[in-house]
Structure formats: C-alpha cells, structure tokens
Amino acid sequence: MRIIISILIIGAALGAVGFGMLGLQGKLSRKPPLELFPDMDRQAKLRPQEPNKFFANGVSSQLAPQGTIARGEPIQTAAGEVYRFEDSPVNTGRVTGTTNFIENNPLAINETLLQHGRERFDIYCAPCHGRLGDGNGITKKIGVMPTVANLHDKRIVQQMDGEIFNTVTHGKGVMGAVGPLIGVEDRWAVIAYLRALQLSQLGALEDLTPEQTAALKK
Ligand code: HEC
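I will try to describe carefully the structure that is included in this document. (Residues numbered from 1 in each chain as written. Predicted model: local features only at pLDDT ≥ 70, side-chain atom pairs only at ≥ 80, totals over all residues.)

Some remarks on helix 3 (residues 111-124)
Move 1: In this model helix 3 runs 20 Å from its N-terminal to its C-terminal C-alpha over 14 residues, within 8% of the 20 Å that 1.5 Å per residue would give.
Move 2: Here helix 3 has its buried residues at Gly117, Arg120 and Phe121. Down the axis of helix 3, the sector holding all buried residues measures 105°, keeping them to one side. Residues of helix 3 that are exposed and point more than 90 degrees away from the buried face comprise Glu111, Thr112 and Gln115. (Helix = DSSP H or I, 4+ residues; strand = E, 2+ residues; numbered from the N terminus. Expected span 1.5 Å × (residues − 1). Buried ≥ 20, exposed ≤ 12 C-beta atoms within 10 Å, placed from the backbone. Arc of directions from axis to C-beta.)

As for the site of the ligand
Move 1: Taken together, 21 residues lie near the ligand, and Cys125, Cys128, Ala149, Gly173 and Met175 sit nearest.
Move 2: Secondary structure elements with two or more residues in the shell around the ligand: helix 4 (126-129), helix 7 (161-170) and helix 8 (184-202). (Near = placed C-beta within 6 Å.)

Some words on the nonpolar core
Move 1: Within the largest apolar cluster, 15 residues are counted, with the highest numbers of intra-cluster contacts made by Val190, Ile191, Tyr193 and Leu194.
Move 2: When contributions to this core are tallied by element, the ones reaching two or more residues are helix 7 and helix 8.
Move 3: In terms of residue count, the dominant contributor to this core is helix 8 (eight residues).
Move 4: Ignoring sequence-local partners within four residues, the contact set of tyrosine 193 consists of Leu114, Gly117, Arg118 and Phe121. (Core = buried A, V, L, I, M, F, W, Y, C linked by C-beta atoms within 7 Å. Contact = placed C-beta atoms within 7 Å.)

Details of the environment of valine 168
Move 1: With respect to the element layout, valine 168 can be found in helix 7.
Move 2: A count of 24 C-beta atoms within 10 Å places valine 168 in the buried class.
Move 3: Taking the C-alpha atoms as reference, valine 168 lies 73 Å from isoleucine 10; in sequence the two are 158 residues apart.
Move 4: Setting aside residues up to four positions removed in sequence, valine 168 forms contacts with Val178, Gly179, Arg187 and Val190.

Here it is as structure tokens:
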C-alpha cells in the first residue's frame, strides 16, 4: 500500500515538473522555450539592414571595399576593352572571347617576378619536374611518378605561355591541376621562370660575345 502511494506521489511530482517545463501545447509564451538540444538553431550574427555598434558607422551591412568586382561583372581595362573579369586573359590564358591561347605572359617580367617564380617552381613543380625542369624530380626517383614530362622538350618550349598556363591551372594527362594550390599571378610567375629555365638550356655558342667564346676555349 505504502509503495503504491509513493509511486503515485512520485508520478504526480514528475508530471508537475514536466508540465511546468513544457507547458500546454499551442500556448503562447514570451519566454524562450527550453531546448534540450539547441543544435545550431540560434547563433550570434549580424542581421543585414540592422544597426550595429561594432562598426564606426553603426551599420551591420558594410559596403564592399572600393574597386571590388562582383563575379560576372564586366570591367573595362586600361586599353579600353570590356569583358567579364573571369574572361580576362590573365585568368584564362586565352584571348578573350576565343579559345586561342595567349602568346605571352600578361605580367610585366622583371627580376622580382622571376625570383618569385623560381621559389614557386621549386615548391610546386620541382617535386615532379626536377629543379632543372628536366622531369627528374624526387617523385620519379621514388617511383610514384614513373614518367614526368621534360619541360625542355621542343614541343613544350614551343607552346604558348597561355597553353602552359592552362596545363598548370587545370592539369593535363596524368598531371593534376596545380591551379587550386597557387594563385593566378603565382602561376604566371612560375611560367616566366620556366621560360628562363628553358632559355638556360637553349644557349648556343653564337650567343656569346667574342671575349666569352675566347674565355671558354681556354
Ligand atoms: C605530381 C607531379 C607533377 C607536378 C607537381 C607538376 N607536374 Fe607538370 N607534369 C607532370 C606529368 C606526369 C606530366 C606529363 C603528363 C602527361 O603527358 O600525361 C606533366 C606535364 C607537364 C607539362 C607538359 C604538358 C603537355 O602539354 O604535354 C607542363 C608544361 C608542365 N607539366 C608544367 C608544370 C608546372 C609549371 C608545374 C608547377 C606549377 C607542374 N607541371 C607540376 C607531373 C607534375
């Protein structure tokens, strides 16, 4: 008998607690509901168009910095051409509006660019192509990349800069895309350096001054 009374009392108490916490279904309340597992329903964030004291101008939606280009928005270059930023030769390695590769590196070639390109080449290309670009990188030595292109092959020397940019950006054959790893300008820097590497292997005796030839013959 006592046990039954205890059970009834405990049951009533639990019921009262449950009712107190959960309330009547459909009843309106101004208090936030009790959430046992809130997941990520509520989080700290700035709502657009609402005032916010965090920024000096008190606006939560800040304007984009000057010079920001929206994706797909047409831009006008210094030369007066108009195209979408995504279609610019720097971005695609192609003549805008065609599938033709651009012949020359669109960046200004100077020593800083070449040094930067050398650094990037040694990091991102040398493991496979070797620091000389001859295709004898470490991945060949340890056997994970049995055949790697020799970048001094006549066929590759003759490619346009845009085609090499395309290979680097999207990969080709068994070579994976390097584009996702290094930025657009870094890729052009690498290509500028690659041209210097190729030139270093293409030197002919006639390129030397008479004094240099004489010094070499000694
Ligand atoms: C993981 C190894 C690997 C890395 C890293 C790599 N390559 Fe390659 N690359 C290859 C292989 C392998 C080939 C030959 C692909 C084929 O013919 O299937 C190749 C081919 C090429 C070609 C010739 C494409 C053609 O037209 O036949 C060029 C140019 C080239 N790589 C440039 C680069 C440059 C520049 C970098 C650095 C940004 C680089 N590669 C990084 C493995 C690599």
